[in-house]
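Secondary and tertiary structure notes
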Amino acid sequence: METTNQPYENQINVFSEFLEDLPDTDEPVWVLGECYNVKTGGTGPSSDTGWGCMLRCGQMILAQALVCSQLGRAWRWRAEGGQPEEYHRILHCFLDKKDSCYSVHQMAQMGVGEGKSVGEWYGPNTVAQVLKKLALFDDWNSLAVYVSMDNTVVIEDIKQACLHTHGNRATMCPHSQSQSRFDWRPLLLVIPLRLGINHINPVYIQALKECFKIPQSCGVLGGKPNLAYYFIGFVGEELIYLDPHTTQSAVESEAGSGVDDQSYHCLRSPRRMKITNLDPSVALGFFCKSEDDFDSWCNLVQQEIQMKRNLRMFELVENHPPHWPPFVPPTKPEVQTTGAEFIESSDKLFESEEEFEILNV
């Protein structure tokens, strides 16, 4: 992939391997009229090209959930500008800076706890686990990310995870007329699945299409081996997807300022691929803003997918399976220091980044 040039102070440049052979010195190195610094950039990657596409797709599906939560599903981005404040706050969550909540830096760091080294390619399930952990640090959005296991979605566990809590007590919604209802946290439900061995099993194709029709759909993470896409719909026998493989410069933004957001959006027609070419390893995404929204999703899944299909992609059950370990709502994890030197190696890490596009933004 092609990368864009940046000032030598701010990136590991194309001469990085050559500079490693030079003596450790503060003296500038001049090559063909350009000045370079031997100590620039630290030891980590300067780009996520070649390994970060699933991370970028994870950012896309999460960004779509935040847009639905903060701006509503009917909101649409306008190229001429004039976006609401919430929109700019969402963008700041995804800037390519280590202190942005959902930056590629934070995702790579959190992935270390999932057994993934920085620079290693992620699958759909791993990136879902990373999003679940990072969401715990996002107080503004207060998003609950539930990742199903063993192809099973447990209604009881989701409702427990989506209750606002203070200490050990769940708080009732002050605007609710019923004292039995609780304040619901917006839910991003991610369902990792394997729909075949080497290729998607055709028996699942119609059920997969039905998932895109559900109003709570938040897209699908998947693609081909080592090539991730964010699937947003289908037409006929083709899936419609956004492609994170366009490399361009990171966006600069100061605190409290706006963002040059053109590169965050789909400025060309989304691409298509035959559904039969889909790798069987996928993760379905759904966003439910309220408890009623989630209840509606459960009814649609039961009626349109589980009752009408011979083979179910996943199970939707009311209660926590008795043979499973007890469900414990996730809490902020202990952040490991392994890989911290990678994150700290440069304040301008990833100056050439893979583009990610926010649906409807």
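Residues numbered from 1 in each chain as written. Predicted model: local features only at pLDDT ≥ 70, side-chain atom pairs only at ≥ 80, totals over all residues. Heavy atoms only, no water.

A word on the sheet that holds strand 8 (residues 217-224). One open sheet holds the seven strands; their spatial order is 3-7-13-8-9-10-12, and the pairing between them is mixed. Edge positions in the sheet fall to strand 3 (144-147) and strand 12 (271-274), since each has one partner strand and no second. Each strand of the sheet is rotated relative to its neighbour by a mean of 30°, with strand direction disregarded. Against the sheet, helix 5 (residues 124-135) contacts strand 3, strand 7 (187-194), strand 8 and strand 13 (281-288), and its axis sits at roughly 150° relative to strand 3. Lying on the sheet, helix 7 (residues 205-213) is in contact with strand 8, strand 9 (227-235), strand 10 (238-242) and strand 13; it crosses strand 9 at an angle near 80°. (Pairing = 2+ DSSP bridges. Helix = DSSP H or I, 4+ residues; strand = E, 2+ residues; numbered from the N terminus. Axes fitted to C-alpha atoms, helices over the stretch in contact; angles between N-to-C directions. Contact = heavy atoms within 4.5 Å.)

Before going further, it helps to examine the nonpolar core. If you look at the biggest cluster of nonpolar residues, it comprises 50 residues, and the most contacted ones within it are Met54, Phe94, Tyr102, Leu188 and Leu221. In terms of residues, this core owes the most to one element, helix 2 (residues 53-70), which gives 12 residues. (Core = buried A, V, L, I, M, F, W, Y, C linked by side-chain atoms within 4.5 Å. Buried < 20%, exposed > 50% of the residue type's maximum accessible area, 1.4 Å probe, protein only.)

What follows is about unusual backbone geometry. Note: most residues except glycine have negative phi, and most peptide bonds are trans. With phi around 50°, serine 142 is a residue other than glycine that occupies positive phi space. With respect to the element layout, serine 142 can be found in the loop between helix 5 and strand 3. Phi is positive for asparagine 151, which is not a glycine, with a value near 55°. Note on placement: asparagine 151 falls in the loop between strand 3 and strand 4 (152-154). You can call asparagine 151 partly exposed: its relative accessible area is 33%.

What follows covers the pattern of salt bridges. In this structure the tally under the stated criterion is 12 salt bridges. For arginine 56, the salt bridge goes to aspartate 96, with nearest N and O atoms at 3.1 Å. Taken as a pair, arginine 56 in helix 2 and aspartate 96 in the loop between helix 3 (85-93) and helix 4 (104-112) lie far apart in primary sequence, 40 residues in all. Note on accessibility: arginine 56 and aspartate 96 belong to one class, buried. Between lysine 213 and glutamate 210 there is a salt bridge; the shortest N-O distance is 3.3 Å. You can see lysine 213 and its partner glutamate 210 sitting in helix 7, three residues apart, about one turn around the helix. Residue glutamate 210 is classed as buried on the basis of its relative accessible area of 10%. Taken together, the salt bridges that share partners define one network made up of Asp48, Arg56 and Asp96. (Salt bridge = Lys/Arg side-chain N within 4 Å of Asp/Glu carboxyl O.)

Two aromatic rings, taken as a pair, are described by how far apart their centres are and by the angle between their planes. What the rule picks out here adds up to 11 aromatic pairs. Taking 5.2 Å as the distance between ring centres and 55° as the angle between the ring planes, the aromatic pair formed by phenylalanine 286 and tryptophan 297 counts as tilted. Linking phenylalanine 286 in strand 13 with tryptophan 297 in helix 8 (residues 291-306), this pair joins segments that are 11 residues apart in sequence. Here phenylalanine 286 and tryptophan 297 have matching classes, each one buried. Through pairs of rings, three or more aromatic residues link up here, namely Trp184, Phe286, Phe294, Trp297 and Phe314. (Phe/Tyr/Trp six-rings, centres within 6.5 Å; stacked < 30°, edge-to-face > 60°.)

The next thing to look at is the environment of glycine 113. Within the element layout of this structure, glycine 113 appears in the loop between helix 4 and helix 5. Overall, the relative accessible area of 35% leaves glycine 113 in the partly exposed class. The spatial distance from the C-alpha of glycine 113 to the C-alpha of glutamine 129 is 9.9 Å, given a sequence separation of 16 residues.

Let's shift gears to helix 3. Within the span of helix 3, buried status applies to Tyr87, Ile90, Leu91 and Cys93. Mapping the buried residues of helix 3 onto a view down its axis gives an arc of 150°, with all of them on the same face. Against helix 2 lie the buried residues of helix 3. (Arc of directions from axis to C-beta.)

Between the first and last C-alpha of helix 2 there are 25 Å, a value that for 18 residues agrees with the 26 Å anticipated at 1.5 Å per step. Counting buried residues in helix 2 gives 17 out of 18 residues, a clear majority hidden from the surface. Looking one or two residues beyond helix 2, the residue adopting positive phi is glycine 72, at roughly 90°. (Expected span 1.5 Å × (residues − 1).)

What follows covers the side chain of aspartate 279. Among the structural elements, aspartate 279 can be located in the loop between strand 12 and strand 13. Of the side chains bearing the opposite charge, arginine 194 lies closest to the buried aspartate 279, which forms no salt bridge; the N-O distance is 4.4 Å. Aspartate 279 has contacts with Arg194, Gly223, Lys224 and Pro225, leaving out every residue within four places of it along the chain. (Lys, Arg positive; Asp, Glu negative; His and termini not counted.)

Side chains of strand 3 alternate between two faces, with Ala144 and Tyr146 and Val145 and Val147 buried alike. Of the strand pairs in this sheet, strand 3 and strand 7 are connected by four bridges, and their pairing is parallel. Note on strand 7: the bridge partner recorded for tyrosine 146 is leucine 189.

Take the pairing of strand 7 next. Along strand 7, seven of the eight residues are buried, which leaves the element largely enclosed by surrounding structure. Two strands pair when backbone bridges link them, and strand 7 and strand 13 are joined in this way by eight bridges, in the antiparallel orientation. Its bridge partner being in strand 13, leucine 193 is matched across the sheet by valine 282.

The next subject is the packing of helix 4 against helix 5. Running from amino to carboxyl end, helix 4 crosses helix 5 at an angle of 105°, the nearest separation of the two axes being 9 Å. Between helix 4 and helix 5, the angle falls in the class roughly perpendicular. Note on element contacts: helix 5 touches helix 4 through Val127, Val130, Leu131, Lys133 and Leu134, opposite Gln106, Met107, Met110 and Gly111. For the contact of helix 4 with helix 5, the residue count by class is six nonpolar, two polar and one charged. (Parallel < 35°, antiparallel > 145°, perpendicular 65-115°, else oblique. Nonpolar A, V, L, I, M, F, W, Y, C, P; charged D, E, K, R; others polar.)

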